[in-house]
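What the coordinates show
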Amino acid sequence: MFRTALRNVLAHKARLLMTVLAVMLGVAFVSGTLVFTDTLSSAFRNQSAKSYDDVAVAVEMYPDAEEARKAPGLSQQDVDKVAKLDGVASVTPRVDGFAGVPDKDGKLIGSGWSNKGTNFAPGKDGKDRAYSFTTGTGPADAGQVALDRATADKGGYKVGDTVRVATNGPVKEYTLSGVFTTEDGAVNAGGSLVVFDTSVAQKLYLKPGYFRDMTVTAAPGADDAKLLAEVVKVVPKAASAQTGQALADEQAKQIESGLGALNQILLGFAGIALFVGIFLISNTFTMLVAQRTKELALMRAVGASRKQITRSVLAEAGLVGLLASAVGYVLGVGLAVGLRSAMSAFDMKVPGGGLVLGATPVVSAFAVGVLITMLAAWLPGRRAAKIPPVAAMNSVHATATTKSLVVRNSIGAALTAIGAVLIVLGAGQGGDEGRMLIAGGAFVTLIGVIVLIPFLSRPVIALIRPLFVNFFGVSGKLAGLNAVRNPRRTGATASALAIGLTLVTGLSVLGATVGSAVDKATTDQVKADYMVSMASGNSLSQEALAALEKAPGVTAVSPQQAGALELKGSYVSASGVSPADIDKVLKLPVVNGSLSTLAKGGIAVDEKVAEKRGLKVGDTVPVEYLDKQKGKLTVGAVFRGNEFVSPVLIDHKLLTPHEERAEIREIFVSTEGGASAAHEQALSKAMGDNPAIQVMDHKEIRDTFGGPINLMLNIMYGLLGMALIIAVLGVVNTLAMSVFERQQEIGMLRAIGLDRRRVKRMVRLEAVVISVFGAVVGIGLGTFLGWAIGETVKSSLPDYALVLPWDRIGLFLVLAALVGVLASLWPARSAAKLNMLSAIKAE
């Protein structure tokens, strides 16, 4: 039977090609993901180990507010005490924070969150072991800085050039003393690294004479654990210390955790692609078995048992899976190399290291490929074995019995109903539990629809058949009839496309709905023309606020200064604002009272907080500030919440004295005559043309908050593209084998006058009918899922309302029709080229 299976595979190479491609693509996705994440994990682990290779003990200090008043970090005395311990070879203290450098156009190099500044900490030899200088040296005085090589190259900086450096304060100019290479994480993340003289870095980021952390290098023969015990005795109690090995292990675990999440996401999409591929494989073997019923019957007649017939089909599938897995693994390795190169192209630097080709990707590739192919071929093989020899010899195509169709449709309807109920229950419950219910319900519903889809094909296609008849005549009529001739085959082909479009449509509906809600919660709530903030996410300075208030053309300015108050026994976040201008820059509908009371020392409270804490206008309540100072404030207004401010509003001049440093997150600015290029330039100039400060108009505010949603959707679309490609291969495969199966019929049609042009049109329209049918089912189910998931997040989006992206839905239908046309090119050409007489004689 194995020789028979091998002969059949070799005899049907062309017909099995699409199956090989489908399995190959799915396996490539799986193996590529595993190789890629293994390579990244190894590279980052090696980098982490290298960074702490000569670190015996690492100490850091992040004191709380009360401890920070005494010592904000590790003092020089603490560093000196550690340096004097037995077994210590050297101590390297560090202090760091945000620092950004502009390019020649004045734009910030790198992303704000990954731009970093730190101090130069040379040892006795005058070198800092963290940096390898390619040109120049480290900063020797307060007027010098050094840059990492990538930043220097992007900005076109050379040793001796003047460099403008932006920190949380005003932009300052320094002389470039040197350019270096480093394994620092900020640089590897695509950011920049500015190295200052130690005294400058301390003044910028902490306090003169203090450091945030230090690393200790042990003398030869010293024991790290014993050294750690000695270090703990001499550093402040607020400091934490651990061995370099423990720190490296901790970072390795964090890397594994982060890459594990990425691995699971990519493998999830690979699973979707393979799930779609099952339908293509099953359809292929079903059609092959149907075309070989006489051959299988003869084998039964000469003594082959049912088990042997099933094993023969499974052996064919195993051989196909083995070949596809081998090719897929090689492609997966290529995919991993491509992904790594793509990361570098997007400035996401990956530490050096070779490609990791472990055993897990190889085993997974072959296990997944072979098992998926054999699983998909099991049912067709079982059906082939159940056909009696005499019945098979008398009928080329055994039709499904009425009983089997009733059972299938009943099971499909029951599963669909159960899944739909779970989805509705999940939508009503909301939260994480609701989303879990929806996920389970979506899976059950999808299986139910797949089982039921042959039954749905007749009524759905019957609705669009008249359109094809009216526009395309005989070709359209024949295409509609051919599409429903074998509902199971049509259903299996359409299912692959329906699964992909279910997910794509669900994401589109959810993305459009959430995006619309975010728009309403952002730009619709902002009256100001501009929002000013730090690219790094850090706080703006009081000097920035004062500069904007004095900028030409400015009519209203208010900060959003983050703070907190203890109100009725528990802390609540508060926003320090400008009483005179807050209602000119933000929409804050007042439910009761007046915002003008903020200027008299009152507070305004969000209506939800007021209701929860039993507050009303006129109440005088005791409060406690973050510095433990106490006072009494009067509620002057109750307002409807705004996403840009905290639940309690207070005059920023009342809040500032109680904070060590004003945390101004954003500043809202209105200008005379509205936003314009001149106003934006004037505001930037008022900020000293600081490249780290963003001046955003309404469109840029919308992009800032809505951009991640669009980015996520585009990534999801790209990952689902593999499933849609496999679905297209399924349409091609079904049509090609259908044309082969109907050679005699096509020959007869040609003989009675159907020319080649109309034969091509018939096959193309059949493909369009099947593709559009799958798209309609997928779009309907996807819209339902998008609504359900949206219901679980609407409580966190005050302006939530379901939005159907009709433009994208229309585009999906058009693309589905186009997919049908493209998928039919080869089968239609093959059908049109059939020799009339040879086709009529074919069995």
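Let me sum up the structure you'll find in this document. (Residues numbered from 1 in each chain as written. Predicted model: local features only at pLDDT ≥ 70, side-chain atom pairs only at ≥ 80, totals over all residues. Heavy atoms only, no water.)

1. Notes on the overall build of the protein
The test is simple: Elements are defined by DSSP. Helices are runs of H or I of four residues or more, strands are runs of E of two residues or more, and each kind is numbered from the N terminus. Using a 1.4 Å probe on the protein chains alone, a residue whose accessible area is under 20% of its type maximum counts as buried, one over 50% counts as exposed, and one in between counts as partly exposed. Throughout, a residue-residue contact means that at least one pair of heavy atoms, one from each residue, lies within 4.5 Å. Here the accessible surface of atoms and residues is derived via Shrake-Rupley with a 1.4 Å probe, and residues count as covered only by protein chains that are part of the display.
Secondary structure summary: the protein contains 27 helices and 22 strands in total. Per-residue burial over the protein gives 49% buried out of 843 residues. Taking the contacts inside the protein whose residues are at least 6 apart along the sequence as the reference set, 82% of them involve residues at least 24 apart. With the model as given, the accessible surface of the protein reaches about 38,400 Å², and the carbon-plus-sulfur share is 60%.

2. A closer look at a nonpolar patch on the surface
Quick reminder of the rule: Patch criteria: residues need more than 30% relative accessible area and no salt bridge. Like-charged residues are merged within 9 Å; nonpolar side chains of Val, Leu, Ile, Met, Phe, Trp and Tyr are merged within 5 Å. Criterion for a salt bridge: a side-chain nitrogen of Lys or Arg within 4 Å of a carboxyl oxygen of Asp or Glu.
Side chains of Leu811, Leu815, Leu818, Val821, Leu822 and Leu825 sit close together on the surface and give an oily, nonpolar patch of about 510 Å² of accessible area. Residue classification places Leu825 among the partly exposed residues on the basis of a relative accessible area of 44%.

3. Some thoughts on the nonpolar core
Heads up, the rule is: Residues belong to a common nonpolar core when they are buried Ala, Val, Leu, Ile, Met, Phe, Trp, Tyr or Cys residues joined through side-chain atoms within 4.5 Å.
Within the largest apolar cluster, 53 residues are counted, with the highest numbers of intra-cluster contacts made by Val276, Ile461, Ile499, Ile726, Phe773 and Val777. At the level of secondary structure, the elements contributing two or more residues to this core comprise α2 (13–51), α9 (244–291), α15 (431–483), α16 (487–521), α22 (698–741), α24 (756–793) and α25 (806–823). In contact with Ile499, other than residues within four places in its own chain, are Phe275, Val276, Phe279, Leu446 and Ile450. Ile281, Ile309, Tyr329 and Ala365 belong to the second-largest nonpolar core, a separate cluster that totals 23 residues.

4. Some thoughts on helix α12 (residues 359–386)
Put simply, the rule reads: Here a helix's expected span is defined as the number of its residues, less one, multiplied by 1.5 Å. One fitted axis covers the seven residues ending at a residue, a second covers the seven starting there, and the bend at that residue is the angle between these axes.
In this model α12 runs 40 Å from its N-terminal to its C-terminal C-alpha over 28 residues, within 8% of the 40 Å that 1.5 Å per residue would give. Roughly 35° is the biggest bend found in α12, and it falls at Trp378, with proline Pro380 one to four residues downstream.

5. Some points on the packing of α16 against α24
The line we're drawing: Axes here mean lines fitted to C-alpha atoms, for a helix over just the part in contact, with angles spanning 0 to 180 degrees between N-to-C directions. Handedness of a crossing follows from how the near helix is turned relative to the far one, being left-handed for an anticlockwise turn of less than a right angle and right-handed for a clockwise one. Classes in brief: Ala, Val, Leu, Ile, Met, Phe, Trp, Tyr, Cys and Pro nonpolar; Asp, Glu, Lys and Arg charged; the others, Gly included, polar.
α24 packs onto α16 with a crossing angle of 35° between their chain directions and a minimal axis gap of 6 Å. The two elements α16 and α24 cross, and the hand of that crossing is right-handed. Considering only residue class, the contact of α16 with α24 consists of 15 nonpolar, 12 polar and no charged.

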